[in-house]
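Structural overview
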Amino acid sequence: QVQLVESGGGLVQAGGSLRLSCAASGFTFSHYAMGWFRQAPGKERELVAAINYSGARTSYADSVKGRFTISRDNAKNTVYLQMNSLKPEDTAVYYCAADQGYKVNLLTEAYDYWGQGTQVTVSS
């Protein structure tokens, strides 16, 4: 069955870095666009970054541009989110998701599969 398993979350001080990973199985990973989303308490889930099927195209939320980088390794069925210069407002549960379209997708409702999420907490 389809599985998306996130890892790499944790507690970090402001200004620090974390690298999230999402291991995919149960579908043809290289045919899917991928996205990282986050949801903070009391807030709606929001797109953080998205990447197309090959990794050649990416898109970022304005709040993370220049600090976060999304990448993928199709040989390892894994998508990554490198997060640098973390801020307390980055605190949230981070989810990866898969969209069976090939292109970068900015619409939360378009994604077909979701992981369980990993907690990222940034202390001030």
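Before going into details, it helps to say that this report is about the structure given with it.

Cut-offs used in this document
- Along each chain, residue indices are assigned from 1 in the same order as the chain's sequence is written.
- In keeping with the predicted nature of the model, local features appear solely for residues at pLDDT of at least 70, side-chain atom pairs appear and are counted solely at 80 or more, and the whole-chain, interface and lining totals rest on all residues.
- To get the side-chain values, all heavy atoms of the structure are used, and hydrogens and water are removed first.
- Elements are defined by DSSP. Helices are runs of H or I of four residues or more, strands are runs of E of two residues or more, and each kind is numbered from the N terminus.
- The globule rule used here is 2.2 Å times the number of residues to the 0.38 power, and the radius of gyration it is set against is calculated over C-alpha atoms.
- Burial classes: relative accessible area under 20% of the type maximum marks a residue as buried, over 50% as exposed, and values in between as partly exposed (1.4 Å probe, protein chains only).
- Within this scheme, the nonpolar core is defined by two criteria: the residues are buried Ala, Val, Leu, Ile, Met, Phe, Trp, Tyr or Cys, and they are joined through side-chain atoms within 4.5 Å.
- Working rule for contacts: check all heavy atoms of both residues, and any pair within 4.5 Å makes them a contact.
- Nitrogen and oxygen atoms within 3.5 Å of one another constitute a polar contact, given that in protein one can donate a hydrogen and the other can accept it, and given that sequence-neighbouring residues count only through two side-chain atoms.
- Any cysteine sulfur atom paired with another within 2.5 Å is treated as part of a disulfide.

What the protein chain contains, in helices and strands, is 0 helices and 11 strands. Of the regular secondary structure in the protein chain, the N- to C-terminal order runs β-β-β-β-β-β-β-β-β-β-β. Taken over the C-alpha trace, the protein chain has a radius of gyration of 13 Å; the compact-globule value for 124 residues is 14 Å, and the two agree within 12%. Judged by the C-alpha coordinates and their principal axes, the protein chain covers about 40 × 25 × 25 Å.

In this model, Asn77 sits at a positive phi of 50 degrees, which is unusual for a non-glycine residue. Residue class for Asn77 comes out partly exposed when judged on its relative accessible area of 27%.

As a rule of thumb, nonpolar side chains are buried together in soluble globular proteins. By size, the foremost hydrophobic cluster in this structure holds 29 residues, and its most contacted members are Trp36, Val79, Leu81, Met83 and Tyr94. Of all elements in the fold, only strand S3 (18-25), strand S4 (33-39), strand S5 (46-51), strand S7 (68-73), strand S8 (78-83), strand S9 (92-99) and strand S11 (118-123) reach the threshold of two or more residues within this core. The residues contacting Met83, other than those within four sequence positions of it, are Gly16, Ser17, Leu18, Leu20, Arg67, Phe68, Tyr94 and Val120. Within the second largest apolar cluster, 5 residues are counted, among which are Phe37, Ala50, Ala97 and Tyr111.

A separate point is the side chain of Thr78. On the secondary structure map, Thr78 appears in strand S8. On the basis of relative accessibility, which here comes to 9%, the residue Thr78 falls in the buried class. A distance of 2.8 Å separates the side chain of Thr78 from the backbone oxygen of Lys76, its partner in a polar contact. When residues no more than four places from it in sequence are discounted, the contact partners of Thr78 are Ser21, Cys22, Ala23, Phe29, Arg72 and Asp73.

Next up on the list: the state of the cysteines. What we call a disulfide is simply a covalent bond connecting the sulfur atoms of a pair of cysteines. All chains considered together, the criterion is met by 1 disulfide. Each sulfur in the disulfide pair Cys22 and Cys96 lies 1.9 Å from the other. Sign of the S-S torsion, about 40 degrees for the bond between Cys22 and Cys96, identifies this disulfide as right-handed. Of this pair, Cys22 sits in strand S3 while Cys96 sits in strand S9, and the two are 74 residues apart along the sequence.

None of the figures reported here should be taken as evidence of function without further support.
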